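Descriptive structure summary
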Amino acid sequence: ATAYSMLVQCYIQENMVNVALKLTYQMKSLDILPSVGVCNSLLGALLCGEQIDYAWEFLEEIQCRGMGFDVSIINLFLQKYCSDSNLRSAWKLLMEMKQCGISPDIVAYTIFINSLCKQSLWREAVSILFKLTAVGISIDSVSVSSVINGFCKVGKMEEAFNLMKVFNISPNIYIYNSLISRFCSDGNMIAASNMFHEMSESGLSPDCFCFTTMIRGYCKIGDMNMAHNVLAKILKRGIKPSVVTYTILVDCCCESGDMEMAEYFFQDMMKEGLAPD
RNA sequence: CUAACAUUGAUAGAUUA
C-alpha cells in the first residue's frame, strides 16, 4: 500500500494525473485502499485540472468502497465551488454533507466565509462566525483573518480591529499584513511601519509577503530609498524575494522615469534566479 | 494500539471593453 501511495504521489507531482488515477483504480481492484492523503492529492489535482467529472466519479467510488472518507475530501469540492464563485452550490454542499454524517469543520466554513468576503458579503461572514461559536465550533485565527482581510480591503479598519477583540484573536503575520497593506494603500507609511515594528516586536517573523507590502507602500509615496532598504533587509535575512517584489520595484522606477534603477532591479531579479512574468 | 509521512482554509504586484 505504501509503495502504491508513493507512486501515486509522484505521478501527481509530475503532472501525470491520469496515470495516477488509473493506478488508484488498480489498487482498489487488488483490495488495497488508498489513504485519505492519497485520495486528497488525487482529487485536488483533478479539480485543479478541471477534470471535474472524474473527480465526482472518484468521490462516489470512495464512498461506495468505504475508503477514507472525511471532511477534508469534501472541502476540496467546496473550495472548487468557491473559487468559481459558485456560492449557492457551495452552501448546498455544506448542508448536504451534514446529511451524509460528515459535519463541516472550521476549515469548511472558512472556505465559505472567505468566499463571502471576496464578494463583499461581510455581514453574512461575520454572522456565520457568531453562529459557529454558538454551536461550539471554535473560531481560529485563519477564519478571522479571512474576514479581517475583507474589511481591510475596503478600509473598514475599526471593524477589523473589533473582530480581533470580539473573538480574542491575537494577530499573526497574515492579519498584520492585511492591516499594513491597507495603510500602505493609503500612503500612510507611518502607521504602516509602526504596525510592522509591532509585529516584529511581538515575536513574529515577517515573511516575503510582509516585506513586499512595505516595499509597495514606500514605492507608492515615491520613497525609493526606503523601498530599496527593505529589499536589502529581505536579502540580508535570507528570505527569498518573489517576482512580485521585484515587479513592484521595477514598475515604480519605470513610472518615475528612472530607467537606470529599473534596469538595476531587473538584473538583480535575474541574479536571484527569478524569471520575469 | 502507537509513531512517522502525505492531504483541505487566510495575506502582497501587474491586465479593464
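Use the structure listed above.
So, here's what we can say about the structure. Just so you know, these numbers come straight off a predicted model, no measurement behind them.

1. A short note on the overall build of chain A
When you go through chain A residue by residue, the secondary structure sums to 16 helices and zero strands. Here the C-alpha coordinates of chain A stretch approximately 65 × 45 × 30 Å along the principal axes. For chain A, the proportion of contacts with a sequence separation of at least 24, taken over those separated by at least 6, is 56%. With an accessible surface of roughly 14800 Å², chain A has 54% of that area assigned to carbon and sulfur atoms. Computed over 21 positive and 28 negative side-chain charges, the separation of the two mean positions in chain A equals 5 Å.

2. Some remarks on the packing of helix H15 (residues 243-255) against helix H16 (residues 259-271)
It is the contact of H15 with H16, at a shortest axis distance of 7 Å, that shows an interaxial angle of 165°. Compared by their axis directions, H15 and H16 come out roughly antiparallel. For the pair H15 and H16, the crossing hand works out as left-handed. Across the interface between the two elements, Val243, Tyr246, Leu249, Val250, Cys253 and Cys254 of H15 pack against Met259, Met261, Ala262, Phe265, Phe266, Asp268 and Met269 of H16.

3. A closer look at the pattern of salt bridges
In the structure shown here, the tally under the stated rule is six salt bridges. The partner of arginine 182 in a salt bridge is aspartate 186, and the shortest N-O contact between them spans 2.9 Å. Judged by relative accessible area, which is 49%, aspartate 186 ranks as partly exposed. A salt bridge links glutamate 272 to lysine 240, with the nearest nitrogen and oxygen atoms 3.8 Å apart. Here the residue glutamate 272 occupies a position in the segment after H16, and lysine 240 occupies one in the loop between helix H14 (224-236) and H15, the gap between them amounting to 32 residues.

4. Some thoughts on the packing of helix H10 (residues 157-166) against helix H11 (residues 173-185)
Packing of H10 against H11 brings their axes to within 11 Å, and their N-to-C directions diverge by 165°. With respect to H11, the element H10 is oriented roughly antiparallel. You can see that H10 and H11 cross each other, and the crossing is left-handed. Here Met157, Ala160, Phe161 and Met164 of H10 come into contact with H11, specifically with Ile175, Leu179, Arg182 and Phe183.

5. Quick look at the protein's contact with RNA strand B
Every one of the 33 residues lining RNA strand B counts as a neighbour, but Gln9, Asn40, Ser145, Lys153 and Tyr174 are closest to it. Across the atoms of RNA strand B situated within 4 Å of the protein, the share located in sugar and phosphate is 47%. Contact distances for RNA strand B include 3.2 Å between a phosphate oxygen and a side-chain N or O atom of lysine 118. Within the side chain of aspartate 277, an N or O atom sits 3.2 Å from a base nitrogen of RNA strand B. Elements supplying a minimum of two residues to the surface near RNA strand B: helix H3 (36-48), helix H5 (71-83), helix H7 (106-118), helix H9 (141-153), H11, helix H13 (208-220) and H15. Take the surface near RNA strand B: its biggest share by element is six residues, from H9. Residues of the surface near RNA strand B, tallied by class, amount to nine nonpolar, 19 polar and five charged.

6. Description of the side chain of serine 143
Tracing the backbone shows serine 143 in helix H9. A polar contact of 2.8 Å, which involves the side chain of serine 143, links it to the backbone oxygen of aspartate 140. If near-sequence neighbours (up to four positions away) are discounted, serine 143 is found in contact with Ile106, Thr110, Ile113 and Leu129.

7. Topic: the state of the cysteines
All told, the structure shown has zero disulfides when counted by the stated rule. Unpaired in terms of disulfides, cysteine 39 finds its nearest cysteine sulfur in cysteine 64, a separation of 13 Å. Cysteine 100 takes part in no disulfide bond, and the closest cysteine sulfur to it belongs to cysteine 64, at a distance of 12 Å.

What counts and what doesn't
Numbers given to residues run from 1 along each chain, matching the order in which its sequence is written. Chain letters start at A and ligand numbers start at 1, both assigned in the order the entries are written. Only residues with pLDDT of 70 or above have their local features reported here, since the model is predicted, and side-chain atom pairs are shown and tallied only from 80 upward, although totals for entire chains, interfaces and linings are computed over all residues. The basis for every side-chain value is the complete set of heavy atoms in the structure, and neither hydrogens nor water enter the calculation. Each helix corresponds to a stretch of at least 4 residues labelled H or I by DSSP, and each strand to a stretch of at least 2 residues labelled E; elements are numbered beginning at the N terminus. Throughout, a residue-residue contact means that at least one pair of heavy atoms, one from each residue, lies within 4.5 Å. Per-residue accessibility takes into account occlusion by the displayed protein chains alone, with areas from the Shrake-Rupley method and a 1.4 Å probe. Counted charges follow a simple rule, with Lys and Arg positive, Asp and Glu negative, and His plus the chain ends left uncounted. Taken as the charge centre is NZ of Lys, CZ of Arg, CG of Asp or CD of Glu, depending on the residue. All axes are obtained by fitting lines to C-alpha atoms, using only the stretch in contact for helices, and the reported angles, taken between N-to-C directions, cover 0 to 180 degrees. Roughly parallel covers angles under 35 degrees, roughly antiparallel covers those over 145, roughly perpendicular covers 65 to 115, and oblique covers all other angles. Each helix crossing is assigned a hand: it is left-handed if the near helix lies turned anticlockwise from the far helix by less than a right angle, otherwise right-handed if that turn is clockwise. A side-chain nitrogen of Lys or Arg and a carboxyl oxygen of Asp or Glu constitute a salt bridge if their distance falls within 4 Å. For every residue, the accessible area (1.4 Å probe, protein chains only) is compared with the maximum for its type, and the residue is labelled buried under 20%, exposed over 50%, or partly exposed between those bounds. Working definition: residue near molecule or strand if any one of its non-hydrogen atoms lies within 4 Å of it. In protein, a polar contact requires one atom able to donate a hydrogen and another able to accept it; more generally it is a pair of N or O atoms within 3.5 Å, and residues adjacent in sequence count only if both atoms are side-chain atoms. Nonpolar residues are Ala, Val, Leu, Ile, Met, Phe, Trp, Tyr, Cys and Pro. Charged residues are Asp, Glu, Lys and Arg, and all others, Gly as well, are polar. Note that a disulfide, as used here, is simply two cysteine sulfur atoms within 2.5 Å.

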